[in-house]
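A look at the structure
Each chain, written out:
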Amino acid sequence: RINIDINKLQNKDIELHRNIEFIINDSKFNKEVLEHFIDELNKLKETLEQEIHDLCVKYGISNYSINLDGSIDVNGNVNLSYNKLRELPLKFNIVHGHFYCDNNKLTSLNKFPKFVGGDCNISYNNLTSLKGSIEYVVGYFDCSCNKLTSLKGSLLGVGYIFNCSYNQLASLEGSPKDVKDKF
């Protein structure tokens, strides 16, 4: 049941909200429509979860949980290297282990995790920017051998090594603010 606190509504909206409450609560037809709509949403959610599961199986990803936004958190490693990927097949949020996505054909970091608890290797792709990148990597971050022209939009921090060699960089402006070991 949807309850509407009419006392908190502005005077001009009171009648509209009363009508909405009546339609939702007192109309058998609309209750049936609403129940059908909810059933369809649940079926869609199940379908999306199955698609995510199938992709995880295909790419050998286990120990994951699905977030409300459709992204996944992985309690372990992810290895998507050498798959000729132009984009990631899944949307990642947190990867608690290593994240390897080197030797593909990636052109953007769309769907990349925000946090990697181990190393992250995205070398040998077609990346021109690190925008949308991971915010923090606990281990090393390797973005060498791409087509990067700028480091703007790069990570906030790297726990070990940041390797951006063999790119087309004119400067290191925009590089991570915090690199614990070697740059």
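The preceding data block contains the structure.
This write-up is about the structure you can find in this document. Just so it is clear, the structure is predicted and the values come from calculations on it, not from any experiment.

A few words now on the overall build of the protein chain. Along the backbone of the protein chain there are 2 helices and 12 strands. Ordered by position from the N terminus, the helices and strands of the protein chain form the series α-α-β-β-β-β-β-β-β-β-β-β-β-β. The buried share of the protein chain, taken over its 183 residues, is 33%. Relative to all contacts within the protein chain whose residues are 6 or more apart in sequence, the contacts with residues 24 or more apart total 7%. Surface summary for the protein chain: the accessible area is close to 11300 Å², and the carbon and sulfur share equals 51%.

Taken together, the 7 strands give an open sheet; going across it, the order is E1-E2-E4-E6-E8-E10-E12, and neighbouring strands pair in mixed fashion. The sheet is open, and its two borders are formed by strand E1 (64-66) and strand E12 (178-179), each paired with just one other strand. The sheet contact formed by strand E6 (residues 115-116) and strand E8 (residues 136-137) spans 2 bridges and is parallel. For Phe115, the partnering residue across the bridge sits in E8 and is Tyr136.

This part covers the side chain of Asn125. Relative to the helices and strands, Asn125 resides in the loop between strand E7 (120-121) and E8. A residue is classified by how much of its surface remains accessible, and Asn125, at 4% relative accessible area, is buried. A polar side-chain atom of Asn125 sits 3.3 Å from the main-chain amide nitrogen of Lys105. Ignoring sequence-local partners within four residues, the contact set of Asn125 consists of Cys101, Asp102, Asn103, Asn104, Lys105, Leu106, Cys145 and Asn146.

What counts and how
- Residues numbered from 1 in each chain as written.
- Predicted model: local features only at pLDDT ≥ 70, side-chain atom pairs only at ≥ 80, totals over all residues.
- Heavy atoms only, no water.
- Helix = DSSP H or I, 4+ residues; strand = E, 2+ residues; numbered from the N terminus.
- Buried < 20%, exposed > 50% of the residue type's maximum accessible area, 1.4 Å probe, protein only.
- Contact = heavy atoms within 4.5 Å.
- Areas by Shrake-Rupley, 256 points an atom, 1.4 Å probe, with all protein chains shown as cover.
- Pairing = 2+ DSSP bridges.
- Polar contact = N/O pair within 3.5 Å; in protein donor to acceptor, adjacent residues only side chain to side chain.

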